Amino acid sequence: MKTKNFLKIVILTAWVSICFVSCTSDDEADAAIVRGTQPALDKACNDWKTARANWENSEAFLFGAADVYSIDPHTDTWPVAANDLADVLRDAQAMSNLDNFIKTANSGILGYHGIEYVLFRQGTPREISQITNLEYNYVCAVAKDLYNATATLEAAWDSKESNAERQKIAKEYVATHLAIDDDGNQEGALDGFTKFGKAFKNPGTGEWETALDATLEIIAGCQDIIGEVGQSKIGLPYTGEDASYIESPYAYNSIVDFYDNIVSCKNALYGSMGATTPGEKSLIYFCKNAGNATLATQANTVTAKLEAALTKINDMKKPFAIYYSDASAKAAIDALGELDDALGEMAETLKGYAGNETVEAQCKVINENYVDNVVVLTYRTLADNAKKLYESIVNIKE
């Protein structure tokens, strides 16, 4: 969730114990410079970029757990409420009970961008001599919370329930968090732990009535993030409508974020993480080989527009935080619009297969592969690297 509403959002989040070493002690609650090393801080910054890429690779499927459990706003609200965060990081009293603080903090100072604000300046790691104990304690707590959120995503989509620790974290997370609406307001308790992976694989057991409905959700998820990247992430700064609406501005990671968002679409459509060509169980492969000339042409158009959009994003003048009004941004916006249109046309053709038993059976194969080889593997990688990020942040301090 990306919001300009910096109200103090109350997020009643019970602290989930995951058996990590604590970052805090009584003698650390001060504004003195942390006793640490620059190589350790540099490693934490590199690990942030890795975990960040994993998150952006998941944004083609922000439906399901990321949405229903409000994990997207809790971990990825931006722009950062920088003034609020700067005030907190100078306030020893507010930081005296981090567990409680994280439960009630504005989501605009949490998650990836709260961590980014502490670790980076102007695209490079901060000097270790600039990091205070208060900042260190704070960023440890936020990183631990981030791991809990990512573990919840994996567990909710893992239909095989293969990680007992993350299943436990997920159930506690869902039981102790409140929902957050699109304006950043709390909406009450979450409905409870849902097995989204099983529901997506088995039409009629959850929010997807048919296998085709679920397959069409794959396209809709891609269109959502394509529209957001083109119209909001790039478009709002480029047009001058909101020059402050720049994602990952402290790490100068914006263009990497945009690119990884579209890679998430490529993975979703091609049926695997890191896909270069459509797999035999993928949506694009089916569309190209279903015996429908129109659908095949549309699928070929989608693949061409997808590669064109990735190229145009990669060609944007860097860093976006400085060059957001460059003409290369408009070229990327246009390419993303063409990709969105191509996907919309393909989706309309697929809708015409409603009730077709053969297509329904093939969609079930597509959906099962999508859950296991795109969604779950992406979230598992994300959670693994979020855990590594937390550990590397802890290790900043000697």
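Residues numbered from 1 in each chain as written. Predicted model: local features only at pLDDT ≥ 70, side-chain atom pairs only at ≥ 80, totals over all residues. Heavy atoms only, no water.

> Quick rundown of the overall build of the protein chain? Include the residues and the values.
What the protein chain contains, in helices and strands, is 16 helices and 4 strands. Counting only residues that meet the buried cut, the protein chain has 56% of its 398 residues in that class. For the protein chain, restricting intrachain contacts to residue pairs at least 6 apart in sequence, the fraction spanning at least 24 positions comes to 80%. Here the protein chain displays about 15500 Å² of accessible surface, and carbon together with sulfur accounts for 48% of that area. (Helix = DSSP H or I, 4+ residues; strand = E, 2+ residues; numbered from the N terminus. Buried < 20%, exposed > 50% of the residue type's maximum accessible area, 1.4 Å probe, protein only. Contact = heavy atoms within 4.5 Å. Areas by Shrake-Rupley, 256 points an atom, 1.4 Å probe, with all protein chains shown as cover.)

> Explain the confidence of the model for the protein chain residue by residue, including any values.
The predicted model of the protein chain averages 90 in pLDDT, with 90% of residues at 70 or higher. This model gives residues 3-22 a pLDDT under 50, and the stretch forms 67 contacts once residues within four places in sequence are excluded. Across residues 24-29, confidence stays below pLDDT 50; counting only partners more than four residues off in sequence or on other chains, it has 9 contacts. (pLDDT = per-residue confidence, 0-100.)

> Before we move on, could you go through the nonpolar core and cite the residues and values that matter?
Formed by 119 residues in total, the largest nonpolar core has its most connected members in I115, L119, Y138, W157, I234, M346 and I393. Those residues within four positions of I115 in sequence are excluded, and the remaining contacts are W48, V139, V142, A143, L146, L389 and I393. The next biggest cluster of nonpolar side chains, apart from the first, holds 5 residues, and it includes Y147, A151, A383 and A386. (Core = buried A, V, L, I, M, F, W, Y, C linked by side-chain atoms within 4.5 Å.)

> Describe the environment of G206, listing the residues and the values that go with them.
Structurally, G206 is set in the loop between α9 (196-201) and α10 (211-239). The spatial distance from the C-alpha of G206 to the C-alpha of K195 is 8.9 Å, given a sequence separation of 11 residues.

> I'd love a proper account of unusual backbone geometry, names of residues and values included.
Residue P79 follows W78 across a cis peptide bond; omega there is -5 degrees. By the element assignment, P79 lies in the loop between α3 (71-76) and α4 (82-88). Put simply, K318 and P319 share a cis peptide bond, and its omega is -5 degrees. A positive phi angle, near 50 degrees, is found at Q122, a position not held by glycine. Mapped onto the elements of the fold, Q122 is located in the loop between β1 (120-121) and β2 (124-125).

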